[in-house]
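Listed here are the chains, written in short residue letters.
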Amino acid sequence: MPLDLIFMGPPGAGKGTQAARVAPLHGLAHIATGDMLREAVRDGSELGRVAKEIMARGDLVPDDVIIGMFRERLSAPDTEGGFILDGFPRTLAQAQALDSMLAELGRGISSVPVFELGLEQLLERVSGRRVCREAEHVYHVVSAPPKTSGTCDIDGSELYQRDDDTEPVIRARYQKQWVEAAKPVVDHYDAAGLVVFIDAGGSREQVSAEIDALLARLGDGS
Ligand code: ADP
Ligand code: AMP
C-alpha cells in the first residue's frame, strides 16, 4: 500500500518545509495546492485569474476549482508510490472528494500529522518567510537565510515575499482557513483514528525528529 499522507496545520507551521525534506527521502510526490495556484497566477491561466484576488484576501479558492485541479494532479504517475498533501484538503467537502478519489483507486490515507503552533509564533515565521520564484524553495530571513541574500541556494532564482504573507492576511487565513474551515477536516480524520498531533513549535531538528519517528512507525506498520 503506498504511503499517502496529509500534512495539516495553520499557515506558516512548517508543513512545506517538512514535506520538501521528507518527500524525496521516501519517494513520495509532494503536492502543495498553494504552490500550484501561485504557478497558475504566474502563468496568467484562467485558474490563475480566478485564484489571484481570492488568495490575496486570504480566502479559500472554491472547492470545485480545487478539487478539479487536485484530481488532475492525482492522475500523474509520480503519485503512484505515495504522496504528501500540503494544503489540501482544507474543507470537509475537499476531504470527502479526496476520500472518494482514493477509494476508487483502492487506496486510503495512511496518516494525518497535524502541525500545532500558536498565532504569535506563526506571525514570526510567516513575516520572515521568503520563497524562490523558480520552485517555491522556502527560506526565513532570520532562522534559515540563503547563502547570498535574496537568491535561492538551490536554483539561483530570486527570493520574494508572498503577497499574502502580511500580518492582516495571515490573521485572516488563520481564522477563516484554520480555526473555521479546517476544524471539521481534523475531526473527520481524527474519527478515523488517523490524526497525529505534532509539536510544530520546536526547532527544525526537533520537528524533523517527530516526523521521522512517525514515518518509521508507519513503515513498520505499527
Ligand atoms: P507552511 O508550509 O506550514 O505554511 P513553511 O514550511 O513555509 O510553513 O514555514 C514557514 C516559515 O517558517 C518559513 O520561513 C520556514 O523557513 C520557517 N520554519 C519552518 N519550520 C521551522 C521551525 N521548526 N522553526 C523555525 N522556523 C521554521
Ligand atoms: P498555501 O500556500 O498553502 O499557504 O496557500 C495559499 C493560498 O492558496 C491559500 O490562502 C488559499 O487562498 C489558496 N489555497 C491553497 N490550497 C487551497 C485549498 N485546498 N482550498 C482552497 N484554497 C486553497
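Presented here is an overview of the structure given in this document. (Residues numbered from 1 in each chain as written. Chains lettered and ligands numbered in written order. Predicted model: local features only at pLDDT ≥ 70, side-chain atom pairs only at ≥ 80, totals over all residues. Heavy atoms only, no water.)

**Let's talk about unusual backbone geometry**
Geometrically, the link from F88 to P89 is a cis peptide bond, its omega value of -5° lying close to zero. Topologically, P89 is positioned in the loop between β3 (82-86) and α5 (92-104). (Helix = DSSP H or I, 4+ residues; strand = E, 2+ residues; numbered from the N terminus.)

**Comments concerning the sheet that holds β3**
Neighbouring strands of a sheet are bound in pairs by backbone hydrogen bonds; such pairs are parallel or else antiparallel. Ordered in space as β1-β3-β2, the three strands form an open sheet in which the pairing is parallel. The outermost strands of the open sheet, each flanked by one partner alone, are β1 (3-7) and β2 (29-32). Averaged over all neighbouring strand pairs, the angle between strand axes comes to 15°, with direction disregarded. The pairing of β1 with β3 spans five bridges and is classified as parallel. Looking at β3, one finds that D4 is bridged to F83. (Pairing = 2+ DSSP bridges. Axes fitted to C-alpha atoms, helices over the stretch in contact; angles between N-to-C directions.)

**Re the pattern of salt bridges**
Side chains that carry opposite charge are capable of pairing whenever their charged atoms lie near each other. Evaluation of the coordinates by the stated rule reveals 17 salt bridges. Among the ionic pairs, D4 bridges to R107, the shortest N-O distance being 2.7 Å. Residue D4 is located in strand β1, and its partner R107 is located in the loop between α5 and β4 (112-116); the two are separated by 103 residues in the primary sequence. With respect to class, D4 is no different from R107; both count as buried. Residues K183 and D187 are paired through a salt bridge, measuring 3.0 Å at the closest nitrogen-oxygen approach. (Salt bridge = Lys/Arg side-chain N within 4 Å of Asp/Glu carboxyl O. Buried < 20%, exposed > 50% of the residue type's maximum accessible area, 1.4 Å probe, protein only.)

**Regarding the nonpolar core**
Counting 50 residues, the largest nonpolar core has M8, L98, I109, V112 and Y189 as the members making the most contacts within it. The dominant element in this core, judged by the number of residues it contributes, is helix α7 (residues 167-191), at six residues. Filtering out sequence-adjacent residues up to four positions away, Y189 remains in contact with I6, P89, A95, L98, D99, I109, V112, L194 and V195. (Core = buried A, V, L, I, M, F, W, Y, C linked by side-chain atoms within 4.5 Å. Contact = heavy atoms within 4.5 Å.)

**Considerations on helix α2 (residues 33-43)**
Buried within α2 we find T33, G34, M36, L37, R38 and A40. Where α2 is buried, its residues meet β2, α3 (46-57), α4 (63-74), β3 and β7 (159-160). A positive phi of about 70° marks G44, the residue just after α2.

**Comments concerning the sheet that holds strand β5 (residues 129-132)**
Spatial strand order, β6-β5-β7: three strands in an open sheet with antiparallel pairing. In this open sheet, the two strands that pair with only one neighbour each are β6 (138-140) and β7.

**Considerations on the site of ligand 1**
Around ligand 1 sit 18 residues, and of these G12, K15, G16, T17 and R129 come closest. Backbone polar atom of Y139 to an oxygen atom of ligand 1: 2.8 Å apart, as the coordinates give it. Here R204 contributes a side-chain N or O atom positioned 2.9 Å from an oxygen atom of ligand 1. Taken by itself ligand 1 offers 570 Å² of open surface, and the protein chains cover 91% of this. When residues of the shell around ligand 1 are traced back to their parent elements, those giving at least two are α1 (15-26), β6 and α8 (204-220). Its residues assigned to classes, the shell around ligand 1 shows six nonpolar, eight polar and four charged. (Near = heavy atom within 4 Å. Polar contact = N/O pair within 3.5 Å; in protein donor to acceptor, adjacent residues only side chain to side chain. Areas by Shrake-Rupley, 256 points an atom, 1.4 Å probe, with all protein chains shown as cover. Nonpolar A, V, L, I, M, F, W, Y, C, P; charged D, E, K, R; others polar.)

**What to know about the pairing of β3**
In terms of burial, β3 is a largely internal element, five of the five residues being buried. Burial along β3 is two-sided: G82, I84 and D86 facing one way and F83 and L85 facing the other are all buried. As defined by bridge partners, β2 adjoins β3 across four bridges and the pair is classed as parallel. Its bridge partner being in β3, A29 is matched across the sheet by F83.

**Here we look at the site of ligand 2**
Of all residues adjacent to ligand 2, which total 17 residues, the nearest are T33, D59, G87, R90 and Q177. Residue R173 places a side-chain N or O atom 3.0 Å away from an oxygen atom belonging to ligand 2. Within the side chain of Q177, a nitrogen or oxygen atom sits 2.8 Å from an oxygen atom of ligand 2. Relative to its free-state accessible area of 490 Å², ligand 2 is covered by the protein chains to the extent of 96%. The greatest single-element share of the shell around ligand 2, amounting to four residues, is contributed by α2. Split by residue class, the shell around ligand 2 holds six nonpolar, five polar and six charged.

The values are spatial; any link to function lies outside them.
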